[in-house]
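Summary of structural features
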Amino acid sequence: MRLVPPERHLLRARDLVDARYADRLGVADLARAAGLSRAHFSREFRRAFGESPHAYLLTRRLERAAALLRATDRPVTAICFTVGLRSLGSFTTSFTRAYGMTPTAYRAAFPPASQHARIPACVLRAHGRPQYRTFREAGRAPRP
Amino acid sequence: MKISFAGVWVHDQDEALAFYTGKLGWELRADVTLPELGGYRWLTVGPADQPELSLVLNAIPGPPVLDAATADQIRSVMAKGWGGNVLLTSDDVHAAYEELKARGVEFTEAPEERPYGIDSAFRDPSGNQFRLTQLREIAVA
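So, here is what we can say about the structure in this document. These figures come from a predicted structure and were not determined experimentally.

**As for the interface of chain A and chain B**
- Taken together, the contact between chain A and chain B spans 22 residues of the former and 28 residues of the latter.
- Taken together, the two surfaces of chain A and chain B that pack against each other cover about 2100 Å², and 53% of this comes from carbon and sulfur.
- For the interface between chain A and chain B, the tally reads three salt bridges.
- Here Arg123 of chain B and Asp15 of chain A are joined by a salt bridge, their closest N and O atoms 2.5 Å apart.
- Here chain A and chain B share eight residue pairs in polar contact (both at pLDDT 80 or more) between them.
- Elements with a minimum of two residues in the side of chain A that touches chain B: α1 (7-20), α3 (38-49) and α8 (121-128) of chain A.

Here it is as structure tokens:
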């Protein structure tokens, strides 16, 4: 019996975000990866994963930015563009909301990358991604 | 003590068998259906270079082994990508990547340099995550 749960198709969209977060990805691209119409896709993605495709994409970019801040000495502006964000101002705002400190302060708070060696990339990605936060939630304590 | 078998859930054993033998190029080790166990199918595969370790491809059973609601939860968890995790190593990840990609394996990460080596990732048809890594020698402090 072949029974493919609908989430398996949605997972392709989530995998696409994880692989191509640096590109100009829109909801239409993600819906296509899942084989669903745009409106249906956003609703189903939220139902399966508990957050909107947009929130997942943004927090994946922030997670990648955080990893680059820890592991490299590249300038914050370059990192912002590298992860697919195009406004330094909104990057700083989103990052601060997610991690509770500015990108520069975050970088200063962590030791060099060599101490994190041998942790598989999937573990880093899954556990380093911040909670999505809206402006309204900005006053609450961020996840450590 | 040694690990001889490790199991992953699969949505469909025939589809899984085609994937692991046809696309990954692993060996079929055992394919036995047991009528006395309600038709339970013991299906194992493994890489030719590692005869002492087999991966068991388990179908998700229904009642009375597993109640329908729990079976649905497992299917859902797997389809969302939080089922099994297997870490594979290879001496040449770039070559393995090209070969497997040409056979239609669904890579989620192309080979990239990491502090620990060259790393890539793919999924099986059920959503189980595999990493394929070429480990770098790291001096132990």
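From this point, the discussion proceeds with the structure in view.
**Looking at the pairing of strand β8 (residues 129-135) of chain B**
All names here are of chain B.
- Of all seven residues making up β8, five are buried, and the element is well covered by its neighbours.
- In this sheet, β8 lies alongside strand β5 (residues 85-89) in parallel orientation, the contact comprising five bridges. Its bridge partner lying in β8, Val86 is registered against Phe130.
- With seven bridges connecting them, strand β7 (residues 117-123) and β8 associate as antiparallel partners. Bridged to Ile118 within β8 is Gln134.
- Where β7 folds back on β8, the antiparallel hairpin that results is connected by five residues, among which Gly127 adopts a positive phi of roughly 100°.

Reading guide: rules and limits
- Residues numbered from 1 in each chain as written.
- Chains lettered and ligands numbered in written order.
- Predicted model: local features only at pLDDT ≥ 70, side-chain atom pairs only at ≥ 80, totals over all residues.
- Heavy atoms only, no water.
- Contact = heavy atoms within 4.5 Å.
- Buried area = accessible area lost by both parts, 1.4 Å probe.
- Salt bridge = Lys/Arg side-chain N within 4 Å of Asp/Glu carboxyl O.
- Polar contact = N/O pair within 3.5 Å; in protein donor to acceptor, adjacent residues only side chain to side chain.
- Helix = DSSP H or I, 4+ residues; strand = E, 2+ residues; numbered from the N terminus.
- Buried < 20%, exposed > 50% of the residue type's maximum accessible area, 1.4 Å probe, protein only.
- Pairing = 2+ DSSP bridges.

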